[in-house]
Amino acid sequence: MRNKSLIIVLTLIVSALCLYYLSFSFIARSVQNKAELYATDAQGNVNMAKQQVYLDSIWKEPVFLGMTYQEVKENELGLGLDLKGGMHVVLEVSPVEIIKSMSGNSKDPGFLKALDRAQELQKNSQERFTTLFEQAYREVEPNGRLSRIFSNTANRGKISYESTNAEVIDVIEKEVEDAIGRSFNILRTRIDKFGVNQPNIQRLKGTGRIQIELPGIDNPDRVRKLLQGMANLEFWEVWSPQEFGPYFMQLGQYLEQQKKAGNLNLAATSTDAGKATGNAATVENASADVLAQAAVTDSTASDSTAIASAKTDTAASQLDSLANDSQAGVLASLFTQMPGGLGANVRDTAKINDIFSRPEVRAIFPSNMKFLWGVKPIAGDNRQEFVEFYAIKKGRDGKAPLAGDAINDARQDFDQTGRPEINMTMNPTGAKKWARLTGDNVGRQVAIVLDNYVYSAPVVQGEITGGSSSISGNFTVEEAQDLANILKAGKMPAPTRIVEEAVVGPSLGQEAIQQGLISTLAGFVIVVIFMIAYYSRGGFIADLALLFNVFFILGVLAQFNAALTLPGIAGIVLTLGMAVDANVLIFERMREESMKGLSMREVINKGYEKAFSTILDANVTTFLVGFILYFFGSGPVKGFAITLMIGIVTSFFSSVFISRLFVENAFKKGGKLSFSTLLAGKMFRNITFDVMKYRKAAYIFSLGLIVFGFVAMYINGGPNLGVDFRGGRSYVVEFDQAVPASDVRTALVDDFQNQGTEVKTFGASNRVKVITSWLADDESIEADEQVKTALMTGLQQYNNLNPEVLSSSKVGATMADDIQNTALIAMVLALVGIFLYVMIRFNKWQFSLGGVIALLHDALMIIAIFSILDLFGISYEMDQVFIAAVLTIIGFSINDTVVIFDRVREYINDNPRLTIREVVNPALISTFSRTIITSLTLFLVVVILFIFGGEVLRGFSLAMIIGVVFGTYSSLFIATPIVVDTVKDDKKATAAPVAQKAR
C-alpha cells in the first residue's frame, strides 16, 4: 500500500481531533450531572432553580483544560430542537412597508396598485420583491417615473427627480438589504438578552428571511412578541453620578437595614468593593465596547476622547465616595466602578433587577429617574464580565426627548485623521429637537437606547444645529458600522412576520432521542452481523471501519459546532447502510480475483485498485445530491444533508484506506485472509438471466404502476402534501387514553370553519396530529392565537382525557410556495448534475440518459406508491423530509447504476470487438451479487428505521424502503436496457478508457 505512513498519521490526527471535540460533550454532561446532584434533595426531587444557580456559579470557571464551562458548552455537540425541545422560527422582513416608508407613505394610485401586483407575483416567484415591484410598476404605469414618488426629503442625496427607474430600484434594493441587516442585528441582541442556551440565528441567503432556533423555550408566546416587536430607538438625557449619588446613599442605608433584619437574602456576590474598584482600570483597558467612550461632535469638533476621560474621572471620584461610605456595604458588593460610571458584574444583574423592582426601592428615587443596562458586557479580570448601569432622566410625559423616527440616515465614515466615525442626519423636526437636546446637555451624556438597552452614552461638546452630526471615538470599522445600523433601525419601519414556526415539547424531544438511539444501534447491529456472516474475517474488518466511520461523523459534527437532529440520526443510520457498499465492492472484487489463482497479496492490491474508481464515482454522485439538499433545504433537511455529506466523506476514507490498513495487517500476521463463508459460497451461484429479454415487460410494468399511482392521486384529490408544502398549522396532541382520530376531527371541523382539517393517529393510539389550513394566509400572532383557541375549544369535550399540545408548527402560504419551488429546483438540479457527471465519466450521453431516466423512474415510483397507499387508507405526508428521501434514493440509485455502468465499460474496453448488447448480460451477472448485497443491507437498515425511528421519520423511511426496492430494480431493468436501446448495434460500443478500471 502506497503512502501507508501518511494514511496512519492522518488517521491518528483525525481521531485525536474527533476525540478532543467530542470530549466537550462528555465534560458538559459531567458538569450537568454534578449540578443535578447538587440540586437533588433527600427524596430525590430536583430543585431546578438551585441547579441553575450551580451552573451559573461555574459559568466562567475553568472546568476542562483551562476552558470555562461557557466555552465547553459552546463547543459541545448540541442537540437539535427535535431532540431537545424548543422553538424554530423563520421571520420575514416586510419589503412592502420599507418601500412605503421610503415613498413617504405615498397615496399615488399607480404606486399602490404596483405594490399589490408585486405581492401577487411573489406568491409564485423566486425573484426579489424589488424586481417584481419594478416589473409591476411597468405594467401599471408603462411611462411612469418612480423618481416623482421617491424624490423626497427622506431620500435626499440618493434619489433626485432626474433619477431613472433603474437607479431608484437600486436605492430601494439597498435600503431593503440594509433593513434586513438591521433587523438581524436587533434580533440577535434581543435573543442574546433573552437568556436562551446556545441559540442559533442566521440569515437565509437570497431571501429577506431570518432563521432562529431557540432550544428549551417554554413560553412561545413571549418569543413571538419579542421577535415581532418593532425596534424602539430613543435618545435620553443621563443623570450624572453627582446627581444620583445621594439617592444611592439612601438605597445603601435601606439595604443594610434589610440585611440586619434578615429580609435581604443575597447569595455570595462575584465582586467586592476593593476588587471592583481595582478592576476599573483593567476594565477600561480591556474594553472592546468603545461606544461607551465615544463623544458626539459637530463637524468642526476636534478631540472627543479627552472629554470622555474627564467624565470618567468625575464618575470615579463620586463612586469612590459611595464605596467608602459605611452605609454602602451591600451596594459595594453589587456595584463596581466602570469607565463610563457605574456598573456591575453580569452575574449580579438579576439580583440588582430584583432589588430595583421593589416598591419601597422605587420610592427612594425620583419619579423621572429610571435605570437601564448597557447592551454589551466588558471583559475584566479572572474571566469576569461587567455591564454598565445608567440612570436615565425621563421627561414629564415619560417619553424620550427624541425618537428614532427623527433619523434620516446614518452611515459609517472616516474622520480627517482616518479614524472610523458615524455620520448621522435628521429630518427637520428631529434637527430642532436634537439642537435643543444637545444644547441643554453640553458636557453631559446623552444615551442612545434601543429596545431598553443603552448602546452608547457619549458626552456632548456643544449644541448641534442643522441636523447633521458625527459620533467619533477609538473604535473599529465593524463597531462603527454596527452603531450606524442601530441608529438607522428607527429610521423606517421594517416589521417582521413569522412565515414558518415549529414548537417541540421536551417530552417529545426525549422520546425522539430514545427512538433515534434505538434505530441507530439496531441498524448498526444488523449490518455488523450480516457482514461477519457473509464475509467472515473480512466482514469483521469492514465492521471496524464502520465503527471508525460513525466516530468520525460525530467528531466532525462536533468540530463544525453542528447540532445533531433526528433527520441527522437518520443520515447516520443511512450512512451505515451505504458505507457497507464500498467494502462489498472491494471484497466482491477480491473474491473474483482470488478465483484467478492470484496470490493473496495480489488479490488485495487488485481488489482495492479496481474498486477505487467505482467507489469514487458512487460517492461523488451521492455527495452531489447531499450538497444540493444542503444548499436548497432548510431546517431538518439541511441537518440531514450535513450528516449525509460528512458520512460520505468519512465512509470513503474509512472504507478505502482504514479498512486496507486492517486487511494488510491481518494478512501480515496470519499469512492468509478469508473473505467468504458458507453463506457466501451458496448465494448467487450459477445465476444466469437475460435482462434485454424482459426489458419491454419492465417498461410496461413501470409505466403502468406510475400511471395507476397518478390516477389514485387524482382520485384522492391531489397529493397528500405536508404543511410545509401547502401552508397551514399543525399540532400534535396527546390524551390520557386512546381516541379515534375521526372523532377528534368531527369535534374540530366546526371550530376550524369547515376548512381543510385533517386528524390522524401519530405514533401512538393516544396521540393525534391535527392539520388545518384555516387562516393559512394570515401569519399574524393574532391568527395563531385564534387557531390555537379554536383547537382547544374543539377539544373541550375531551377535557376528562387531559389533552396536551406536545408540539406545533406553522408555515405561511408564501413560505410554502417557496419551499415547493425550492424542492422542484433541487430535484431538477440533482438530475442535471448527475447527467453531466456521468456523461463526463463515461463519455457517452446514452449512459447519462439511461441513468437519469432510471432516477426519474424511481422518484415517480415513490410518489405513485404513496398515492396508491393513500387510496387504501395508509396515509403519509409528502413534506420536506419526504423530498430528502427521494433525493437520497436518487443518490443511492445512481450509485447502484454507476457500478453496473463501470463493469459494462470495463468489458467493452477489454473486448473492443464486442457490441454493448453482447457485454450487458455478463456485466450485470458479474455485479449481481454486489447489487443485491448492498441493497439488502440498506433495505434492512431502513426497515429498522421504519420500525424504531418514530412517527416523525415514518414517511421518510417508507419512501426509502420503496426507493431501495425500485432503485435496485431500475438499475437492472431500466437504466442499462435504455443504454443498449439508444446505442446502434452496427457500431462497436467503445467507451472512453479510464485511468482505473471499474469493478
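Computed from a predicted model, the values in this text were never measured in an experiment.

A. Molecular detail of the overall build of the protein. A count of helical and extended segments in the protein gives 34 helices and 26 strands. Looking at the protein as a whole, 55% of its 999 residues are labelled buried. Within the structure as shown, the protein displays about 42,500 Å² of accessible surface, and the carbon and sulfur contribution to it stands at 55%.

B. The arrangement of the packing of aromatic side chains in detail. Following the criterion strictly, the structure yields 42 aromatic pairs and no others. Relative to Phe-847, the ring of Phe-842 lies with its centre 5.3 Å away and its plane at 20°, an arrangement referred to as stacked. The same class applies to Phe-842 as to Phe-847, namely buried. A connected cluster of aromatic rings, assembled from ring pairs, spans Phe-244, Tyr-247, Phe-248, Phe-335, Phe-356, Phe-365, Phe-371, Trp-373 and Phe-389.

C. Structural detail: a nonpolar patch on the surface. Taken together, the side chains of Leu-703, Val-707, Phe-708, Val-711, Tyr-714, Ile-715, Leu-871 and Phe-872 make up a nonpolar region of the molecular surface, amounting to roughly 860 Å² of accessible area. When residues in the nonpolar patch are grouped by element, the largest group, six residues, is from helix 25 (residues 691-715). Mapping Ile-715 onto the fold places it in helix 25. With a relative accessible area of 55%, Ile-715 lands in the exposed category.

D. Spotlight on the pairing of strand 7 (residues 233-238). A large share of strand 7 lies buried, amounting to six of its six residues. In this structure, strand 7 lies alongside strand 17 (residues 446-450), joined through five bridges in antiparallel fashion. The residue of strand 17 that forms the bridge with Glu-234 is Val-449. Bridge count for strand 7 against strand 14 (residues 402-403) is two bridges, and the pairing is antiparallel. Across the sheet, Glu-234 pairs through a bridge with Ala-403, a residue of strand 14. In terms of strand pairing, strand 7 meets strand 13 (residues 385-393) through two bridges, oriented antiparallel. The residue of strand 13 that forms the bridge with Glu-237 is Lys-393.

E. View of the sheet that holds strand 26 (residues 804-811). One open sheet accounts for eight strands, arranged 5-6-4-21-26-23-25-24; its pairing is antiparallel. Strand pairing shows two members of the sheet lacking a second neighbour, strand 5 (200-204) and strand 24 (757-762), which therefore form its edges. Taken over all neighbouring pairs, the strand axes of this sheet differ in orientation by 20° on average, direction set aside. When strand 5 meets strand 6 (residues 209-215), the two strands line up antiparallel, connected through five bridges. Directly across from Gln-202, in strand 6, lies its bridge partner Gln-211. The sheet strands contacting helix 27 (residues 741-749) are strand 24 and strand 25 (764-772), and the helix crosses strand 24 at an angle near 150°.

The rules behind each value
- Residues numbered from 1 in each chain as written.
- Predicted model: local features only at pLDDT ≥ 70, side-chain atom pairs only at ≥ 80, totals over all residues.
- Heavy atoms only, no water.
- Helix = DSSP H or I, 4+ residues; strand = E, 2+ residues; numbered from the N terminus.
- Buried < 20%, exposed > 50% of the residue type's maximum accessible area, 1.4 Å probe, protein only.
- Areas by Shrake-Rupley, 256 points an atom, 1.4 Å probe, with all protein chains shown as cover.
- Phe/Tyr/Trp six-rings, centres within 6.5 Å; stacked < 30°, edge-to-face > 60°.
- Patch = residues over 30% accessible without salt bridge, like charges linked within 9 Å, V, L, I, M, F, W, Y side chains within 5 Å.
- Salt bridge = Lys/Arg side-chain N within 4 Å of Asp/Glu carboxyl O.
- Pairing = 2+ DSSP bridges.
- Axes fitted to C-alpha atoms, helices over the stretch in contact; angles between N-to-C directions.
- Contact = heavy atoms within 4.5 Å.

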